[in-house]
Every structure is written in C-alpha cells, then in structure tokens.
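The primary structure of each chain is shown beneath.
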Amino acid sequence: LGMSQDREQIVNVIEGTNPDLLILDSLGGSHTRGENKVEDIRPIMEFLAYLSRDYQIAVAVVHHLNKDRKDESPEVSLGRIRGSTAITGYCRSIFAVERFLDNIKLRVIKSNLSLIGEPIIAKPLLDSNKNFTGFDFEPYTAPPEKKNKKQQCSEWILQVLSESKKGNVPL
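Residues numbered from 1 in each chain as written. Predicted model: local features only at pLDDT ≥ 70, side-chain atom pairs only at ≥ 80, totals over all residues. Heavy atoms only, no water.

A. Up close: the environment of Phe 135. Position of Phe 135 relative to the elements: it lies in strand S6 (residues 132-139). Sequence spacing of Phe 135 and Lys 123 is 12 residues, and the spatial spacing of their C-alpha atoms is 5.3 Å. Excluding residues that lie within four positions of it along the chain, Phe 135 makes contacts with Ile 104, Ala 122, Lys 123, Pro 124 and Leu 125. (Helix = DSSP H or I, 4+ residues; strand = E, 2+ residues; numbered from the N terminus. Contact = heavy atoms within 4.5 Å.)

As structure tokens, then:
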C-alpha cells in the first residue's frame, strides 16, 4: 500500500468488481514502511479511508497487538494495538478477537458509529466429521475472579467475624 502502482491495482480491482467489502490481512504485511511513526502509517490509513468513502465500501483491516506484559490486564484495549495511534485514530470501529477457553470472544473496543455493546462468544460448530460448519453465538460471561491466598484468607476472616457477630460462631 505504500507504492502508487499497488494502490492503482487495488483501485482497478474495486472498480472492476464493485465489492461491498475490502479485507486487508494484515496491515503490517501490506507495506514496507514502519507502523510506529505517524508519518509512515498516515498515508496508508488515509488511502484506506478514501477507498471507503469514494467507493462506498466497508474496509476491514486485520492488525495485531503488542505482546502483553505480566503487569497488565490480558483484556485487549486500544493501548495494546501495535504501532502509532494514527492507526486507531482512522478507524471508525475496532473489534477485538480474543481466545476464550476453546471459543472466540468478540468485543468492540472502539466505535464512532454506535454505543459499545457487551462482548459475545462465538463457539465453532463442527459436524460429525469434525468439519467446521459455522458459529453459535452467546453472551459473554466473565469467569470467576481467581483469588490469591491472601484474598482467600481475608474473606475467610471476614466471614468468621461476621458469623460470630451474629452469634453463630463462638470466638
């Protein structure tokens, strides 16, 4: 996407086929420029925005996250998206696709078009031969919080004190 002849080829394909959707997989593999400097990524994001506007098509871009750190939440946020903030700035909506047990968790983390709803789980459906046939969707329910020994001990002490106050447990 950084070269004019490649952009022309994309425009020619769009004009010849009139698609409703253009999927770019992946942003990092679509150009030879860097992703961290706004001056490197802005022309690419502007080109994709122009395609969407000028040809009235949806443009979906697959992009990857920074590696998660031990001290941060595993939950995907805008801050975890790799590269310049210009990437997220040009996007109207951003969907996080995360592994959740043996399923896929889908969550909107940015939307300029509507309110952000609750995450959903997409469970892959397999036929008797273990071939993928589609997805079953259901609301996401967060797993119970894992408590460390200190938290478990504190809760136990509070429970014992609370029950003793009610006269249920002698101290």
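Resuming the write-up.
B. Quick peek at the packing of aromatic side chains. Tallied over the entire structure, the rule returns three aromatic pairs. Ring geometry for Phe 135 against Phe 137: centres 6.0 Å apart, planes inclined by 40°, an arrangement best described as tilted. The partly exposed category is assigned to Phe 135, whose relative accessible area is 37%. For Phe 137, a relative accessible area of 47% gives the class partly exposed. Members of the aromatic cluster, each reached through a chain of ring pairs, are Phe 132, Phe 135 and Phe 137. A cation over a ring is seen here: Lys 105 above Tyr 140, with NZ or CZ 4.0 Å from the ring centre. (Phe/Tyr/Trp six-rings, centres within 6.5 Å; stacked < 30°, edge-to-face > 60°. Buried < 20%, exposed > 50% of the residue type's maximum accessible area, 1.4 Å probe, protein only. Lys NZ or Arg CZ within 6 Å of the ring centre and 35° of its normal.)

C. Examining the pairing of strand S3 (residues 93-100) more closely. On S3, burial follows the alternation: Ile 94, Ala 96, Glu 98 and Phe 100 on one face are buried, whereas Ser 93, Phe 95, Val 97 and Arg 99 on the facing-out side are not. In this sheet, strand S4 (residues 103-111) lies alongside S3 in antiparallel orientation, the contact comprising eight bridges. Residue pairing for S4: Arg 99 is matched across the bridge by Ile 104. What sits between S3 and S4 in their antiparallel hairpin is a turn of two residues, with Leu 101 showing a positive phi close to 55°. (Pairing = 2+ DSSP bridges.)

D. Representation of the nonpolar core within the structure. Membership of the largest hydrophobic core comes to 21 residues, with the highest contact counts inside it found for Leu 27, Ile 41, Met 45, Leu 48 and Leu 51. For this core, the elements supplying multiple residues, two or more each, are helix H1 (4-17), strand S1 (21-25), helix H2 (38-55), helix H3 (85-90) and S3. The element that contributes the greatest number of residues to this core is H2, accounting for six residues. Dropping the residues within four chain positions of it, Leu 51 is found in contact with Ile 10, Val 11, Ile 14, Leu 22, Gln 56 and Ile 57. (Core = buried A, V, L, I, M, F, W, Y, C linked by side-chain atoms within 4.5 Å.)

E. Spotlight on the sheet that holds S4. Judged by pairing direction, the sheet is antiparallel, and its four strands sit side by side in the order S3-S4-S5-S6 without closing on themselves. Lying at the two open borders of the sheet, with one neighbouring strand each, are S3 and S6. The mean angle between the axes of side-by-side strands here comes to 30°, regardless of whether they run parallel or antiparallel. Strand direction decides the pairing type here: strand S5 (residues 120-126) and S6, joined by seven bridges, are antiparallel. What sits directly across from Lys 123, in S6, is Asp 136. (Axes fitted to C-alpha atoms, helices over the stretch in contact; angles between N-to-C directions.)

F. Layout of the pattern of salt bridges. The final tally for this structure, using the stated rule, is five salt bridges. With a shortest N-O distance of 3.4 Å, Arg 107 and Glu 98 are connected by a salt bridge. Classification of Arg 107 by relative accessible area gives buried; the value is 13%. (Salt bridge = Lys/Arg side-chain N within 4 Å of Asp/Glu carboxyl O.)

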